[in-house]
Structures are given as C-alpha cells and as structure tokens.
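Structural features, examined
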Amino acid sequence: MTPGNEAELAEMVAAQDAPVRIAGGGTRLADTGPVLSTAGLRGIVTYEPGALTLVVQAGTPVAEVEAALAEEGQRLAFEPMDHRGLLGTEGAPTIGGVVAANVSGPRRVQVGACRDFLLGVRFVDGAGQVIRNGGRVMKNVTGYDLVKLMAGSWGTLGVLSEVALKVLPVPEAEATVQVAVPDAKSAVRVLSAALGSPFEVTGAAHDPAAGLALLRVEGFAASVDYRAGRLEALLDQFGTVSRADDSAALWRSLRDVAAFHDRPGDVWRISVKPGNAPDIAARAQAEALLFDWGGGLIWARVPEGTDLRARLGAFSGHATLVRGAPETRARLGMFQPEPAPLARIGAGLRARFDPRGVFNPGLMG
C-alpha cells in the first residue's frame, strides 16, 4: 500500500482491518508482513532559508532534503545516521523515518536530538483521522506536545505525513583533535574534560580499536583553529595529541558505525550515563565496541543470538537490539522492557492513538 497523498493515506488507514508495518524507505525495520509505505508522500512543501525552517512530506528521501539545504549552505544539524551499511538494507532513508525513530548522530552532545529540531507534524492516527500539531516556529507549547511524542514513537502511534523542521547553517570549517588512550576509562575522562571546557565540542567519541578519544569542533575557520589548539593544550596531560586528517569523513564513519559494516554478529545500542560507560562496556564482553556522545552511547557487536541485557544485568540505561536475526528479535525484543509505570503510560498512549492495534504491532511491547 503506497498512498500518493495524505487523504489517500487516511482512507487506507480507516479501511485497514489487519495490522501493517509502516515503512518509509525500508532501511531500518526488516520485519515481514503487509507494508504501508509513505514513499508516495514526497516533496518539499515550504523551505524558508532566511527563517531556517523547512516543511517536507514524510516520504521525502533524506538525500533530497540534504541536497536542497546544501544549495543554501544549510543542513540538518542533528546529523542523522544512515543505517543501510550497518543493517545491510537498501532503499533510501526518508525524513519521516528519521523523525519516527528520532535518529540523531554525534552532534547530539552539543545541539540536541532530532526531536529538538522538530517544529510541527501532521500524521494519521489509527482511526484514519488527520492530526496536526505544532507549527513552523519555535514557541512555548500548550496542551499535548504531540510533536515530541511522535519523535521516537517508531510509527506505533500514527503515520507521519508531513514534518516541519528547524535547520542550521553549515559551518565554515571543522577539525578533530584525537588523543591516544589506553582504555575506555581514560577515554571517558578525556571526553568529559573536553565537553566540560568552553570550546564548544560538537562530537565526542572513542574508538577502542584505534585507541583514540576523538573531539570535534566546528565554526568559523579562525575560531576552529583557535579552539582546536586550546583543546590540544588542555588534553595533552592525558596522552599523545594530534589532529585527524579528514575530520568530515571520520565523523561520517562514526555516525554510521562503519566499523561494524559487513562484520558478523548482532549489534546493540546501549544508552548509559557516561561515567558508567567503561563498566558497562566491560560487562558486555563484546567483540567490538564504539563509544559516542561522550560515553553516553555505546555500540556493541556480539556473537549472534547473545542476550546482551542478561550479560549487562541491572544498570541505569537501556539496551536496544539494532541488528539481529528475526528469531533473536522475536526472543529478546528490540527495545529494553520498560518499568511497569512507564509501560502502562505507553500502552495507554497506543490505546488512545491506535485503538485497533493497526500500526507496527508488538514493536514497543
């Protein structure tokens, strides 16, 4: 099912009598079953570079959005990752899929997540009603903030048809300071020191395979050079300091977890307090690790079928199964089981917005 406009989408949903999987470009969820695709909802509705706002239909490919922004020297500041290499999928990531999954890259440590740039949404709920919330400017919210609710809901509450986003200018320059570190504990110390500095770090990652803590700064060329130099002086006490040769390529690779592409095993995404990251990483007993967000995000590659949550035990955070065989996903679930109070709230929201259980059944527990 591929509606060509919002009205057709609403009609299809209202007539639906069986569960469907919502898909944009089909690059993230690989579950089987009937598909309701937003690929026909495509195109930029309104783009005002001077106001830094963009309104776009949900099925528009991210590449198309980025190309239009690039012509005006602007970008999606939250740096959404491309899952295709990690998941071995094809198709084209869509902006609706990015919003539905709240996909946010390394720059989240400085500018925030996708949901922080979301100004407004239009979506169709489980009864086939078109709902609009938010607008095209940042403002205080009264009533239910459905804009934030839809970001990261993974299509369980409704099908996005249109999103309004705040965009930002592309900086003139960027640089990455790298510090040689012996282990994750040392790396988190480096990342914390950099993030606590006044030098506006926009990326803070650790690559254990390379033995490096990585810090990115962006902005006007003179400012970048100055701040990178100050970071080098600040971090020299932790280990050998240098600058990366190709900063942009390095952060694309980190954003897309390229080190895990075409490598066997399941991939988990662990959200944790940065200070706890070294201990949690040790518990994972992973074949490979990658740290982002100053240690607040850990990517772990483990043998197929591993119950990583059982390995980790109780901790303040959650572990999401990003790549795994269908039987592993069925056995363990994609998302960390929620505490009973949160689970009741989530079930109540799904009952309100999708009372017939049409959208992505079972995904959120």
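In this text, all values refer to a predicted model and were calculated from it rather than measured experimentally.

Here's the deal with helix H1 (residues 6-15)
- Those residues of H1 not exposed but buried are Glu-6, Leu-9, Ala-10 and Val-13. When H1 is viewed along its axis, its buried side chains cluster within an angular range of 95° and face the same direction. Looking at H1, the residues exposed on the side facing more than 90 degrees away from the buried face are Glu-11 and Ala-15.
- Where H1 is buried, its residues touch strand S2 (35-37), strand S6 (118-124), strand S7 (130-134) and strand S8 (159-166).
- Sitting at the amino-terminal end of H1 is Asn-5, which places a side-chain oxygen 3.1 Å from the backbone nitrogen of Ala-7.

Topic: helix H7 (residues 184-195)
- Its 12 residues give H7 an end-to-end C-alpha distance of 16 Å, which sits within 8% of 16 Å, the value for a rise of 1.5 Å per residue.
- Restricting attention to buried positions, one finds in H7 the residues Ala-184, Ser-186, Ala-187, Val-188, Val-190, Leu-191 and Ala-194.
- The secondary structure elements touched by the buried residues of H7 are strand S10 (173-180), strand S11 (201-207), strand S12 (212-219), helix H8 (221-235), helix H10 (277-284) and strand S15 (288-292).
- A distance of 3.4 Å separates the backbone nitrogen of Lys-185 from a side-chain oxygen at the start of H7, and that oxygen is part of Asp-183.

Looking at the sheet that holds strand S3 (residues 44-48)
- With antiparallel pairing, the 5 strands of this open sheet are ordered in space as S3-S4-S8-S6-S7. Each edge of the sheet is formed by a strand with only one pairing partner; in this case those strands are S3 and S7. Averaged over all pairs of adjacent strands, the angle between their axes in this sheet comes to 10°, without regard to strand direction.
- Sheet topology places S6 next to S7; 5 bridges connect them, and they run antiparallel. Paired with Val-124 across the strands is Val-130, a residue of S7.

Thoughts on the nonpolar core
- Counting residues in hydrophobic clusters, the biggest one holds 50 residues, and the most contacted among them are Leu-76, Leu-160, Val-163 and Trp-299.
- The dominant element in this core, judged by the number of residues it contributes, is helix H4 (residues 95-100), at 4 residues.
- Here Leu-160 is in contact with Thr-38, Leu-41, Ala-58, Gly-96, Val-99, Ala-100, Val-121, Arg-122, Phe-123 and Met-150, once residues within four sequence places are set aside.

A few points about the confidence of the model for the protein chain
- Of all residues in the protein chain, 95% have pLDDT values of 70 or greater, and the mean over the chain is 91.
- The low-confidence segment residues 138-143 (pLDDT under 50) makes 3 contacts with residues lying over four places distant or belonging to another chain.

A word on the environment of Gly-4
- Tracing the backbone through its elements, the reader meets Gly-4 in the segment before H1.
- The sequence separation of Gly-4 and Thr-38 amounts to 34 residues, and the corresponding C-alpha distance is 8.1 Å.
- Setting aside its immediate chain neighbours within four residues, Gly-4 contacts Gly-40 and Leu-41.

Conventions and cut-offs
- Residues numbered from 1 in each chain as written.
- Predicted model: local features only at pLDDT ≥ 70, side-chain atom pairs only at ≥ 80, totals over all residues.
- Heavy atoms only, no water.
- Buried < 20%, exposed > 50% of the residue type's maximum accessible area, 1.4 Å probe, protein only.
- Helix = DSSP H or I, 4+ residues; strand = E, 2+ residues; numbered from the N terminus.
- Arc of directions from axis to C-beta.
- Contact = heavy atoms within 4.5 Å.
- Polar contact = N/O pair within 3.5 Å; in protein donor to acceptor, adjacent residues only side chain to side chain.
- Expected span 1.5 Å × (residues − 1).
- Pairing = 2+ DSSP bridges.
- Axes fitted to C-alpha atoms, helices over the stretch in contact; angles between N-to-C directions.
- Core = buried A, V, L, I, M, F, W, Y, C linked by side-chain atoms within 4.5 Å.
- pLDDT = per-residue confidence, 0-100.

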